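# Descriptive analysis of the structure
If you want the building blocks of each chain, they are given just below.
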Amino acid sequence: MRISEASTISGLSADTIRYYEKSGIVPAIDRGADGLRRFSPEIVEWLTLLYWLRRTGMPMKEMRRFAGLYRQGDETVPERRALLVAHAKTLKKRREELDRCEQVLAVKLAAYDRIEGEI
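In what follows, the accompanying structure is described.

So, how was this worked out
- Residues numbered from 1 in each chain as written.
- Predicted model: local features only at pLDDT ≥ 70, side-chain atom pairs only at ≥ 80, totals over all residues.
- Heavy atoms only, no water.
- Helix = DSSP H or I, 4+ residues; strand = E, 2+ residues; numbered from the N terminus.
- Rg over C-alpha atoms; globule rule 2.2 N^0.38 Å.
- Buried < 20%, exposed > 50% of the residue type's maximum accessible area, 1.4 Å probe, protein only.
- Contact = heavy atoms within 4.5 Å.
- Areas by Shrake-Rupley, 256 points an atom, 1.4 Å probe, with all protein chains shown as cover.
- Lys, Arg positive; Asp, Glu negative; His and termini not counted.
- Charge placed at Lys NZ, Arg CZ, Asp CG, Glu CD.
- Axes fitted to C-alpha atoms, helices over the stretch in contact; angles between N-to-C directions.
- Parallel < 35°, antiparallel > 145°, perpendicular 65-115°, else oblique.
- Left-handed = near helix turned anticlockwise from the far one by under 90°.
- Nonpolar A, V, L, I, M, F, W, Y, C, P; charged D, E, K, R; others polar.
- Core = buried A, V, L, I, M, F, W, Y, C linked by side-chain atoms within 4.5 Å.
- Phe/Tyr/Trp six-rings, centres within 6.5 Å; stacked < 30°, edge-to-face > 60°.
- Salt bridge = Lys/Arg side-chain N within 4 Å of Asp/Glu carboxyl O.

### With respect to the overall build of the protein
Broken down by element type, the protein carries five helices and two strands. In the protein, the succession of helices and strands from N to C terminus is α-α-β-β-α-α-α. Relative to the compact-globule value of 14 Å for 119 residues, the protein shows a C-alpha radius of gyration of 21 Å, a clear excess of over 25%. Dimensions of the protein, computed from the C-alpha atoms along their principal axes, are close to 75 × 35 × 20 Å. A total of 119 residues make up the protein; the buried ones form 27% of that total. Put simply, of all contacts in the protein between residues at least 6 apart along the chain, 49% involve residues at least 24 apart. Taken as a whole, the protein presents about 8,400 Å² of accessible surface, with 56% of it coming from carbon and sulfur. The averaged location of the 18 negative side-chain charges in the protein is 5 Å from the averaged location of its 22 positive side-chain charges.

Here's what the structure looks like:
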């Protein structure tokens, strides 16, 4: 498939896909006789994973580390797993912080509701 299709499926813009390719985060992408990129289902799956890792706030440095480990093969599965476990812990902490923020806002909004009810 072409970059526009890979973009639609993965959620990444074509520019981001090109950037990730130049950064070495994406495995080699085949090109057709016309010189255009041809994305395999495996590459699109990888791009989709990158989309979600970035959406969860994973820093590019960690994404590069993850991609580098992936390129080294299955012997790095424990390291890749550890990286994702650490990221999951970071997400959990962030979720807890956001929940607390939401609670604070709810208290403030309730106070405004009371004030407006008295007006």
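### Here's the deal with the packing of helix H4 (residues 60-72) against helix H5 (residues 77-118)
Put simply, H4 and H5 touch, their axes get as near as 9 Å, and they point 155° apart. Of the possible angle classes, the one that applies to H4 and H5 is roughly antiparallel. Two packed elements cross with a definite hand, and for H4 against H5 that hand is left-handed. Residues Glu 62, Arg 65, Phe 66, Leu 69 and Tyr 70 of H4 touch H5, and the partners they reach there are Glu 79, Arg 80, Leu 83, Leu 84 and His 87. Of the residues assigned to the contact of H4 with H5, the class counts are five nonpolar, one polar and four charged.

### Considering the nonpolar core
In a soluble, globular protein the nonpolar side chains are often hidden away together inside. Counting residues in hydrophobic clusters, the biggest one holds 22 residues, and the most contacted among them are Ile 17, Tyr 20, Val 26, Phe 39, Leu 47, Leu 50 and Met 63. If you list the elements that add at least two residues to this core, you get helix H1 (3-10), helix H2 (14-23), helix H3 (41-55) and H4. Top element by residues in this core is H3. It accounts for seven residues.

### With respect to the packing of aromatic side chains
Taken as a whole and judged by the stated rule, the model has four aromatic pairs. Where Tyr 19 meets Tyr 20, the ring centres are 6.1 Å apart and the plane angle is 50°; that geometry is what we call tilted. On the basis of relative accessible area, Tyr 19 is assigned to the partly exposed category, the value being 43%. A relative accessible area of 3% places Tyr 20 in the buried class. Ring centres of Tyr 51 and Trp 52 lie 4.9 Å apart, and the angle between their planes is 85°; this geometry places the pair in the edge-to-face category. Judged by relative accessible area, which is 19%, Tyr 51 ranks as buried.

### Overview of the packing of H1 against H3
Remark: H1 packs on H3, axes separated minimally by 9 Å, with the N-to-C direction vectors making an angle of 45°. Between H1 and H3, the angle falls in the class oblique. Our pair here, H1 against H3, has a crossing hand that is right-handed. Here Ala 6, Ile 9 and Ser 10 of H1 lie close against H3, whose contacting residues are Val 44, Leu 47, Thr 48 and Tyr 51. Here the residues of the contact of H1 with H3 sort into five nonpolar, two polar and no charged.

### Some details on the pattern of salt bridges
Counted by the stated rule, this structure contains five salt bridges. A salt bridge links Asp 34 to Arg 2, with the shortest nitrogen-to-oxygen separation between them at 4.0 Å. Of the two residues, Asp 34 is situated in the loop between strand S1 (30-31) and strand S2 (37-38) and Arg 2 in the segment before H1; the sequence distance between them amounts to 32 residues. According to the relative accessible area criterion, Asp 34 is partly exposed, its value standing at 44%.

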